Structure formats: structure tokens, C-alpha cells
Amino acid sequence: MDGCYSIHTEEILNPAYEFLGAEMNKTDRPILYSCSWPDYLRGAGIDVNYTMIAEHCNIWRMFDDIQDSFDSVTSIVDWVGDNQDILSAAQGPGAFNDPDMLIIGNYGLSLDQSRAQFALWAIMAAPLLMGNDLRNLAPEFVEILQNKEIIDIDQDPLGKMGKRVVHDKTNLCETTDVWMKPLHNGDIGVVMWNRGVCGNPREVTLNWSDISLDDSAKYHVRDLYLHKDMGVFTSSYTTLINPSGGVAALRLSRA
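Here the structure is a predicted model, which means the values were calculated and not measured.

Visitor: Tell me what's going on with the environment of Tyr 40, and back it up with residues and numbers.
Guide: Within the secondary structure layout, Tyr 40 lies in helix α2 (residues 37-43). Using a relative accessible area of 17% as the deciding quantity, one classes Tyr 40 as buried. Remark: the alpha-carbon pair of Tyr 40 and Tyr 17, spanning 23 residues in sequence, is separated by 12 Å. In this structure, Tyr 40 is in contact with Asp 2, Gly 3, Cys 4, His 8, Leu 13 and Tyr 17, ignoring residues within four places of it in sequence. Among the polar contacts listed, one links the side chain of Tyr 40 to the backbone nitrogen of Cys 4, at a separation of 3.5 Å.

Laid out in C-alpha cells, this is it:
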């Protein structure tokens, strides 16, 4: 249910969205209720009670419409990171923040940037809604969208939204974000994101302290794009990541 051309006030939007949800529930049919409710409140300068939204909607748009560019993807992820505490408090099984559709396989993202969007959406436990032409999707983009190991991170039964734990803007060459998400079996999903725009791939280090782990703890590290076990590590893990939006998507398991 969108809110285009409606009057964007709490007095209009709140009862309208609540009413439609209640009426659909009366049908006793399984329905996923997707709301644009909080984004229209936000756009009107109204503070959003996301916990209340979660009582009525299954997924909800909370920020700007995505455009076919990596700048758009980045702006959405940054906004989520800046507001992650209030957003994550409302999210759980059956109720999820929706940062908008995947644009993988369209025109605006490189292969690395497509991998980045998919991994970041998964770590946020976002709905994976494809906004592309499936009839003309190149095999390398099909491979990204069918990556079961990353889909498993997104669809983890805990339903927790991952959080940004590192936001290092040292300089244009060495800008790095790290996102982490606890999983139902005690594993941890991690995305290391190289936002630097200078030159060649560079080494990026995940420190255990970044994700609230004891330095002495031993963890198996699996790379979810390489589909490869990288070994057992203590204290930290370092890998090469391509510039201009490349990611390493990892799953950590206690050794």
C-alpha cells in the first residue's frame, strides 16, 4: 500500500494503514502486507514509531526510492546505519525494514557493486525483492541472486537486522564499513565493505573487537562469494577487497 497523493499526516495515514491491515487479516488468508507508511511520515517531518508500524505491517519502506546507481545504494545503507538502533528495535520475524528493491542486473552497478548490494541487503535482513528484467539477466547476476549462502544470512530465523559496527572514513582511499549480524545458531554474518576509490584491491582487516568478540576466540571463516572455508583465525581476519564498493561476505563459526 503506497501513499502517493495522500495527505501525509498521522491523522490520515495511521488509520488508513491500520484499517487495511485489519481488513486483510479478517480474510484469514496468508498475506504479506507491504507498507510505505513510515517513509511518508518521515518525509513530512513526523517522528516515526517503527514499533507501532511493526504491529500492523510485515515489511515497510522507510527511506528514499532506490535509483539505478551505486550512489543511491550507498545513501540508503548509510541512512540505515545512521538510524540502526531505532530500526532494529522494531524488526523481528514477520516484521522487516524494507530498504527498497535490488537493482542487480540493471545498468547502474558494476559486478562488485552488485555483490555489495546483495550482501548488505542480506546483512540487514531486508526483503530481497528483485527490480530487474529476468528475461535478460546475465549469468553473473543470476549467480549473485541465487547465492544460497548469502540468502541464508538474510533469511536467518532470528530475523535480526545486522548493524554497522565500523564506519571508518579515514580518507578517499581507505574508507571501510563493517556490518555484522548474529545468527540463530551462534554464527555471525559479516560484510566488510571497501568504499575506497583509489587504485587496486587493498587489504581490509576485521578485528574481533569490532564485532564484540574476545581476541582469544578461534573462529572458522567462510567466504560466501568464494564458497570457500578460509581457515581458523584468532583475533582478526584480513583479506583483499576490490575498490569502489567491493565486499567480502563472511560467516564466522566458533572453532
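Anyway, onward from the coordinates.
Visitor: Account for the packing of aromatic side chains, naming residues and giving values.
Guide: A ring pair, where both rings are aromatic, is described by two values, the distance of the centres and the angle of the planes. On inspection of all chains with the given rule, the structure shows five aromatic pairs. Centroid distance Trp 208 to Tyr 219: 6.0 Å. Interplanar angle 85 degrees. Geometry classified as edge-to-face. Remark: Tyr 219 occurs in strand β8 (residues 218-223) and Trp 208 occurs in the loop between β7 (202-207) and β8; sequence separation between them is 11 residues. On the accessibility criterion, Trp 208 (0% relative accessible area) is buried. Using a relative accessible area of 6% as the deciding quantity, one classes Tyr 219 as buried. Arranged with centres 4.8 Å apart and planes meeting at 80 degrees, the rings of Phe 233 and Tyr 237 form a pair that is edge-to-face. In this structure, Arg 42 packs its charged tip against the face of Trp 79, placed 5.7 Å from the ring centre. It is Arg 115 that lies over the ring of Tyr 225; its NZ or CZ is 5.9 Å from the centre.

Visitor: Describe the pattern of salt bridges, with residues and values.
Guide: Scanning the entire structure with this criterion turns up 15 salt bridges. The residue Arg 42 makes a salt bridge to Asp 39 at a minimum N-O spacing of 2.7 Å. Linking Arg 42 with Asp 39, this pair stays in helix α2, spanning three residues, or about one helical turn. We classify Arg 42 as partly exposed; its relative accessible area is 26%. Arg 195 is paired through a salt bridge with Asp 78; the nearest N and O atoms lie 2.7 Å apart. Of this pair, Arg 195 sits in the loop between β6 (188-194) and β7 while Asp 78 sits in helix α4 (residues 70-82); the two residues are 117 residues apart in sequence, bridging distant segments of the chain. In this pair, the class of Arg 195 matches that of Asp 78, namely buried. Here the salt bridges do not stand alone but share partners, grouping Asp 39, Arg 42 and Asp 64 into one network.

Criteria and thresholds
- Residues numbered from 1 in each chain as written.
- Predicted model: local features only at pLDDT ≥ 70, side-chain atom pairs only at ≥ 80, totals over all residues.
- Heavy atoms only, no water.
- Helix = DSSP H or I, 4+ residues; strand = E, 2+ residues; numbered from the N terminus.
- Buried < 20%, exposed > 50% of the residue type's maximum accessible area, 1.4 Å probe, protein only.
- Contact = heavy atoms within 4.5 Å.
- Polar contact = N/O pair within 3.5 Å; in protein donor to acceptor, adjacent residues only side chain to side chain.
- Phe/Tyr/Trp six-rings, centres within 6.5 Å; stacked < 30°, edge-to-face > 60°.
- Lys NZ or Arg CZ within 6 Å of the ring centre and 35° of its normal.
- Salt bridge = Lys/Arg side-chain N within 4 Å of Asp/Glu carboxyl O.

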